[in-house]
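# Understanding the architecture of this molecule
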Amino acid sequence: MDSEYSDSYDMYWGTLGTVRPYSNFYPDRDVTEIVTALENKDTVTLLRILTNRNNAQRQVIAQVFQALTHKDIITALKKALSGDLELLLLELLMPPWSMKLTGLGTDEETLAEILSTRSGKQLQSISAAYKEMYKKDLEKEIESETSNDFEKLLKALLHKGCVAGVVQTDIETLSASLKGKKAEAGQWIDILTSRDVEHLDNGVLMGLELELGQTVDQIIEKRFSGDFRLGLKVLVQCIQNRDAYLATRLKTMKKEIVQRIMVSHSEEDLLCIRAAFIKLTGTSLYTTLQNHFKGDYLKALLAICRSED
């Protein structure tokens, strides 16, 4: 374990993230080292500092860098580095919540993943960050890029709440929505985006499976189609076991997916996702990363992952 990380680990052991506030934090000193590292293209130093500071501390580093050098740290990194490592370090330097936006506007599952794995309060922060970064309204962007029931699902997730419901009533409503020739999406959207996870997972979804003799995944596969089916499946998987779903995503070892999930969850629950990953695959995330990536990019991912399980 990195000595710098170990100092912070002792102080913040109660969190479920792998990246914690660095206890011996002196931003002026960090910036001095970063300036020298950028001049020499010293990736070892850049990795040591940026992966051992949490996001709030990285934002302070960016501000101090600007004050001391009169340059933007993002621009400086782009000039000194290239390729995958550059993209990863740039993502580490993005402000809180804006990092969660990486991937929006690309593929449907990424959209569903980001919106399904975040709380209503977190999504409010994401929407605000999106507007600040891109000068656009996130809901309007969703409207322009999606359509029909999938659009309705994503917009409902963006404004998800926690409305009290009766388990049996919700089961009956969902069951009734499936009886017509075409399943009704509205009830699924309304119930799955407005109830708490405990109510849905251990009550509604379990009861629906018992009543219909099929898993919810099988029901969705048979009765819905297209992007809405994909989005609904993602949402249900996140309701049933969010960590397991994210571990499944990581299992693809697609660079963009791995980077986004590891960075955006590094301060919150990456330890839980690591545990789900080894349960799913029989191999630790730390080892799997070594089998798929290499060089400084691998070192950066391992630094975020932190250790073997």
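Just so you know, these numbers come straight off a predicted model, no measurement behind them.

## With respect to the nonpolar core
Note that soluble globular proteins tend to have their nonpolar side chains buried in a common cluster. Grouped together as the largest cluster of nonpolar side chains are 52 residues, with contacts concentrated most on Ile34, Leu89, Met262 and Leu289. The leading source of residues in this core is helix H19 (residues 295–305), at 7 residues. Among all residues touching Leu89, those that are not within four sequence positions of it are Leu46, Leu47, Leu50, Leu77 and Leu81. Leu138, Ala156, Ile191 and Leu192 belong to the second-largest nonpolar core, a separate cluster that totals 36 residues.

## Here we look at the pattern of salt bridges
One pass over the full model with this rule turns up 17 salt bridges. For Glu151, the salt bridge identified is with Lys155, shortest N-O distance 3.5 Å. Of the two residues, Glu151 and Lys155 are both situated in helix H10 (residues 148–158); the distance of 4 residues between them amounts to about one turn of the helix. Residue class for Lys155 comes out partly exposed when judged on its relative accessible area of 21%.

## Some points on helix H11 (residues 167–177)
Along H11, the residues that are buried comprise Asp170, Ile171, Leu174, Ser175 and Ser177. Along the axis of H11, the buried residues cluster in a sector spanning 160°; they form a single face. Against the buried residues of H11 lie helix H12 (185–192) and helix H13 (197–212).

## Description of helix H14 (residues 216–223)
Buried within H14 are the following residues: Val216, Ile219 and Ile220. Axial view of H14: buried residues confined to an arc of 95°, hence all on one face. Summarising the contacts, the buried residues of H14 are in contact with H12, H13 and helix H15 (226–251).

The rules behind these values
- Residues numbered from 1 in each chain as written.
- Predicted model: local features only at pLDDT ≥ 70, side-chain atom pairs only at ≥ 80, totals over all residues.
- Heavy atoms only, no water.
- Core = buried A, V, L, I, M, F, W, Y, C linked by side-chain atoms within 4.5 Å.
- Buried < 20%, exposed > 50% of the residue type's maximum accessible area, 1.4 Å probe, protein only.
- Helix = DSSP H or I, 4+ residues; strand = E, 2+ residues; numbered from the N terminus.
- Contact = heavy atoms within 4.5 Å.
- Salt bridge = Lys/Arg side-chain N within 4 Å of Asp/Glu carboxyl O.
- Arc of directions from axis to C-beta.

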